[in-house]
Structure formats: structure tokens, C-alpha cells
Amino acid sequence: MWERSEALVACADASGRFARSLPAAAPPGQGVGGSLAFREGGGGVDEMRFEDRVAVVTGAGRGLGREYALFLAARGARVVVNDVGTGIDGCGESPSPAHAVVEEIRQLGGTAVADVHDVSTTPGARALTRAAVERWGRLDVLVNNAGISILRPLTELSEDECRRVLDTHVGGTLNMARAVWPHMLASRYGRIVNTCSDALFGDNGLSVYAAGKGGVLGLTTSLAAEGAAHGIKVNAVVPIAATRMSLEALQDDEPMTALLTDLFPARLVASVVALLAHESVPCTGELLHAAGRRVGRIFLGATEGVLWKEDPTPESIRDRLCEVRETEGFRTPSSLSASMAFSLEQLGAGGAEPLALDLSSPAPGRAEPDTQG
Ligand SMILES: NC(=O)c1ccc[n+]([C@@H]2O[C@H](COP(=O)([O-])OP(=O)(O)OC[C@H]3O[C@@H](n4cnc5c(N)ncnc54)[C@H](O)[C@@H]3O)[C@@H](O)[C@H]2O)c1
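Residues numbered from 1 in each chain as written. Predicted model: local features only at pLDDT ≥ 70, side-chain atom pairs only at ≥ 80, totals over all residues.

Student: Honestly, the overall build of the protein chain in this entry has me stumped. Any pointers?
Tutor: Regarding its fold elements, the protein chain presents 11 helices and 10 strands. Within the protein chain, buried positions represent 38% of all 373 residues. Taking the intrachain contacts of the protein chain between residues at least 6 apart in sequence as the baseline, contacts between residues at least 24 apart amount to 65%. (Helix = DSSP H or I, 4+ residues; strand = E, 2+ residues; numbered from the N terminus. Buried ≥ 20, exposed ≤ 12 C-beta atoms within 10 Å, placed from the backbone. Contact = placed C-beta atoms within 7 Å.)

Now the structure itself:
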């Protein structure tokens with residue numbers, strides 16, 4: 001049963017808090033449309049809230065990041081709205097987007113500060129982290145969202161453009177993780193939400209952008225393992241949303257632009273990010289697909305494969321490639337050890353001690369990590 005959209009108004013509740021409600025559902029195919037709106041309450045008695053939490057959202061001056069910042073602030077978080085204010089291709093800088101979003105949050109009764117550092121640099125990531133910790137004495141949530149996109153065939157990308165894309169996605173996520181990690185370890189608590197993309201599935205002109213998102217995927221699964229014993233959970237969102245970035249990629253394709261705008265408003269992704277950023281999130285090292293009103297999971301899987309009696313040759317593998325590639329009965333190992341255990345099990349050595357990496361304490365002679373905030 002689809003409800004009629006209702007008009008929503010912005011207002012703070014008695015405690016000065018405010019909460020954003022999502023608009024009512026629209027019939028399939030008619031999209032959800034609507035604009036940002038605030039009202040009292042929103043999620044019922046078990047609403048996931050962020051009182052006492054400090055959240056840093058990178059690239060929050062526009063698009064998806066702005067929606068995350070507004071949503072987390074609406075749920076009680078104190079938010080650092082970071083944005084260097086750059087173009088889609090990473091050229092140029094402006095303080096305006098970050099400040100505009102902070103103003104918007106404050107107008108609605110929330111608490112936020114602006115930060116305009118470039119997270120693709122180590123000093124930028126450290127300064128942003130310092131700003132949060134010095135201001136509010138803690139840092140609980142990091143949403144690594146800042147991103148740029150230069151979508152062209154490989155031979156049409158300059159070295160500088162390749163570097164810029166990788167520095168922003170892999171570098172920005174890594175720099176921020178390195179900067180916040182010591183604080184999260186000290187408080188034995190942290191939630192990190194990284195940003196991947198359907199580009200991981202590949203397409204023309206996506207190579208370097210997809211490589212960046214692949215790096216973020218690797219960071220997500222491994223940092224999840226590294227944080228597990230310390231109360232730190234690391235997941236990633238895979239969004240689809242109408243923003244300047246995605247709309248530009250459509251290159252004036254009007255029907256697709258209309259479809260994207262209608263079915264994939266950026267604000268819908270904020271619910272997935274808020275879940276992944278919340279203390280109650282059950283998973284770590286996972287990717288949630290936020291595609292309009294459809295929320296799913298994207299994962300790495302391993303097929304059952306084929307077990308040869310003799311050593312396999314290229315020819316014998318070719319002859320049974322269909323079985324090798326058969327995805328029925330696939331597994332989703334949650335770690336390197338689990339993947340190794342799966343292979344051992346398939347080889348009839350189940351129960352053998354799988355390779356278990358534990359590098360959680362520094363090896364003798366290894367340099368102490370740089371923990372400068
Ligand atoms: N829109 C989509 O459909 C989609 C799909 C998959 C992934 N993504 C990813 O989602 C994230 C947000 O994208 P968007 O669509 O909202 O794009 P957007 O261009 O609207 O916003 C990105 C923001 O990040 C900021 N930024 C870029 N580099 C920065 C840096 N080094 N330091 C600080 N801020 C920086 C920009 O100034 C901009 O305001 C990106 O990581 C993008 O790759 C988006």
C-alpha cells in the first residue's frame with residue numbers, strides 16, 4: 001500500500017534537538033522527489049540517535065556528503081563538515097560549500113563546524129582530525145565520502161589526473177583512517193564508513209576511478225579486521241544518487257537524468273550511512289548497496305571450484321572452465337584466514353590450522369606508527 005506524500009516542516013523539538021523525516025513512499029516508477037524537510041521525531045521510539053557522538057564527514061559540502069552531514073546532525077551528532085570545495089575533476093578550491101552546509105545545519109538547530117582541508121594530503125587529514133578532537137574532545141564517526149571523478153579511456157588520462165583520482169579516493173580514505181585511528185583506539189570505539197562504487201564492476205572509462213574504489217574496498221575489509229578487537233567497525237556504502245558527479249557522467253542524456261533524479265535522490269543514501277555509522281551496526285568489513293529505495297549487499301565471493309586428482313594444466317582447466325566459474329554454492333569468506341580455511345576444506349585438509357595473521361602488536365624493530373593527530 002503506497003501512501004500519499006505529506007508536507008513536512010522544519011522545527012526543533014523541546015530539547016532543542018531536531019530530526020529529519022523521510023517523505024512518504026511514492027508509487028513504483030513515480031520516484032520520491034521532494035526536498036529536505038525536518039520535523040519533530042522521525043524514527044519512532046527505537047530511533048537510532050547520535051547524541052554525544054562526534055562525526056567527521058569528508059566532502060560534505062555537496063551531494064551525498066551534505067545529506068549525510070544533515071542527517072547525522074538531525075539525529076543529534078556534532079558534525080565536522082569537511083569540504084575543500086573542489087570541482088568534479090579535483091581542480092580548484094572554495095570554502096563556500098562547507099560553510100553553507102554548516103549554516104544550514106545550524107539554522108535547523110543542529111551542531112556543526114566547517115573544515116576546508118584537503119583530505120588527499122596527510123597534513124590535511126591530520127588537521128581535520130585535530131579540528132574535531134580539539135573542538136569536542138572526541139571523534140566517534142568518520143564518513144570517508146570526499147571524491148572526484150575523471151571518466152575517460154586510459155590513454156586519455158594524464159599522469160597528473162590519474163594521481164589526483166587515486167590520491168583522493170585511496171589516499172583520502174587512508175589518510176583519514178591513519179589520522180583518526182589512534183583516537184578511536186584510545187577510546188576503544190569507532191565507526192568508519194567508506195565509499196565504494198558500482199564502478200567496481202567495471203565499465204568503459206572507469207579504470208582509474210574504479211582502481212581508487214578498489215583500494216577503498218581493500219582498506220575496508222582489512223581495517224575492519226584490524227579494528228575488530230578494539231571496538232572499531234569499518235564498512236562501506238556503495239551509493240547510486242543524483243549528484244553533480246553522477247549527472248555529469250550522464251552527459252546530458254535526458255531520459256537517464258530524469259530517471260536518476262527521480263529514483264535516486266541523494267538523501268536516501270543517508271539512511272544506510274547512518275546505520276553503518278551507528279553504535280548498533282552489527283556488521284564490519286561489509287559493503288551495503290544504497291540504490292534509491294533498494295538496499296542490498298555487495299560482496300566478494302569464492303566459487304566452490306574444481307578439485308583435480310592430478311596437477312591441473314592450462315588445458316584441463318580450460319576444459320572445465322565452466323565448472324570453475326560456476327557460482328552456485330559460492331562462499332563469502334569474511335577474512336583471509338576464512339578464505340584459506342575454505343581452500344583447505346576443499347582440498348580435504350579441513351580442520352588444519354589456517355594461516356592466521358596477527359600483526360596487531362608491533363614486531364621487534366618495526367617503527368612505531370606515526371600517531372600525530
Ligand atoms: N553520486 C553517485 O551516484 C556515486 C556513485 C558511487 C560512488 N559515489 C561516491 O560518493 C562520494 C560523493 O560523491 P558525490 O556524488 O556526492 O559527488 P559531489 O561532487 O557532489 O561531492 C563530492 C564532494 O567532495 C569534495 N571533495 C573532493 N575532493 C576532496 C578532498 N580532497 N578533500 C575534501 N573534500 C573533497 C568536493 O569538493 C565535493 O563537494 C564520492 O566518493 C563518489 O566517488 C557517488
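Student: What should I look at first to understand the site of the ligand in this one?
Tutor: In the region of the ligand, 34 residues are neighbours, and Gly 59, Gly 63, Ala 146, Gly 147 and Thr 243 sit closest. Elements that contribute at least two residues to the shell around the ligand include exactly helix 1 (63-74), helix 4 (159-187), strand 8 (232-240) and helix 6 (244-249). Broken down by class, the residue content of the shell around the ligand amounts to 11 nonpolar, 19 polar and four charged. (Near = placed C-beta within 6 Å. Nonpolar A, V, L, I, M, F, W, Y, C, P; charged D, E, K, R; others polar.)

Student: What is the right way to read unusual backbone geometry from this model?
Tutor: The phi angle of most residues is negative, glycine excepted, and most peptide bonds adopt the trans form. Non-glycine residue Gln 251 carries a positive phi angle of around 50°. Note that Gln 251 resides in the loop between helix 6 and helix 7 (254-263). You will see that Asp 252, though not glycine, has its phi angle at about 60°, which is positive. By the element assignment, Asp 252 lies in the loop between helix 6 and helix 7.

Student: What is the right way to read the packing of helix 3 (residues 122-136) against helix 4 from this model?
Tutor: When two helices pack together, their arrangement is captured by the angle between the axes and the distance separating the axes. Put simply, helix 3 and helix 4 touch, their axes get as near as 8 Å, and they point 35° apart. Handedness of the helix 3/helix 4 crossing: right-handed. Between helix 3 and helix 4, the residues in contact are Thr 122, Ala 125, Arg 126, Thr 129 and Val 133 and Asn 175, Met 176, Ala 179, Val 180 and His 183, respectively. When its residues are assigned to classes, the contact of helix 3 with helix 4 shows five nonpolar, four polar and one charged. (Axes fitted to C-alpha atoms, helices over the stretch in contact; angles between N-to-C directions. Left-handed = near helix turned anticlockwise from the far one by under 90°.)

Student: I would appreciate a short explanation of the sheet that holds strand 6 (residues 141-143) in the present structure.
Tutor: The strands that make up a sheet pair up through hydrogen bonds in the backbone, lying either parallel or antiparallel. Pairing in this open sheet of eight strands is mixed, and the strands run 5-4-3-6-7-8-9-10 from one edge to the other. The sheet terminates laterally at strand 5 (111-115) and strand 10 (294-298), the two strands that pair on one side only. On average, each strand axis in the sheet is tilted by 20° relative to the strand beside it, whichever way the strands run. When strand 9 (residues 287-291) meets strand 10, the two strands line up antiparallel, connected through five bridges. Residue pairing in the sheet places Leu 287 in a bridge with Ile 298 of strand 10. With respect to the sheet, helix 1 is in contact with strand 3 (54-57), strand 4 (78-82), strand 5, strand 6 and strand 8, its orientation differing from that of strand 3 by roughly 170°. (Pairing = 2+ DSSP bridges.)

Student: Whenever I open this one, the packing of helix 1 against helix 8 (residues 269-277) confuses me. Can you help?
Tutor: Across the interface, helix 1 lies against helix 8 with an axial gap of 9 Å and an inter-helix angle of 60°. With respect to each other, helix 1 and helix 8 are oriented oblique. Helix 8 is crossed by helix 1, and the crossing has right-handed handedness. Along its contact with helix 1, which presents Leu 64, Glu 67, Tyr 68, Phe 71 and Leu 72, the element helix 8 presents Val 269, Ala 270, Val 273, Ala 274 and Ala 277. Of the residues belonging to the contact of helix 1 with helix 8, the class tally is nine nonpolar, no polar and one charged. (Parallel < 35°, antiparallel > 145°, perpendicular 65-115°, else oblique.)

Student: Help me understand the environment of Ala 266, please; the structure alone is not making it clear to me.
Tutor: Note that Ala 266 resides in the loop between helix 7 and helix 8. Owing to 21 C-beta atoms within 10 Å, Ala 266 belongs among the buried residues under this scheme. For Ala 266 and Thr 243, which are 23 residues apart along the polypeptide, the C-alpha to C-alpha distance reads 6.9 Å. The residues touching Ala 266, leaving out its near neighbours within four places in the chain, are Gly 63, Leu 64, Glu 67, Ala 241, Ala 242 and Thr 243.

Student: What's the story with the pairing of strand 7 (residues 190-195) in this structure? I'm lost.
Tutor: Consecutive residues of a regular strand have side chains that alternate between opposite faces of the sheet. Within strand 7, six of the six residues are buried, which leaves it mostly tucked inside the rest of the structure. Alternating residues of strand 7 divide into Gly 190, Ile 192 and Asn 194 and Arg 191, Val 193 and Thr 195, and every residue in both groups is buried. Two strands pair when backbone bridges link them, and strand 6 and strand 7 are joined in this way by three bridges, in the parallel orientation. Across the sheet, residue Val 143 finds its bridge partner in strand 7, namely Val 193. For the segment spanning strand 6, helix 4 and strand 7, crossover handedness is right-handed. Bridging between strand 7 and strand 8 involves six bridges; their strand directions are parallel. Note on strand 8: the bridge partner recorded for Thr 195 is Val 237. Taken together, strand 7, helix 5 (residues 207-227) and strand 8 form a β-α-β motif whose crossover is right-handed. (Right-handed = clockwise from strand over helix to strand, strands pointing away.)

Function-wise, these values are silent; they only describe arrangement.
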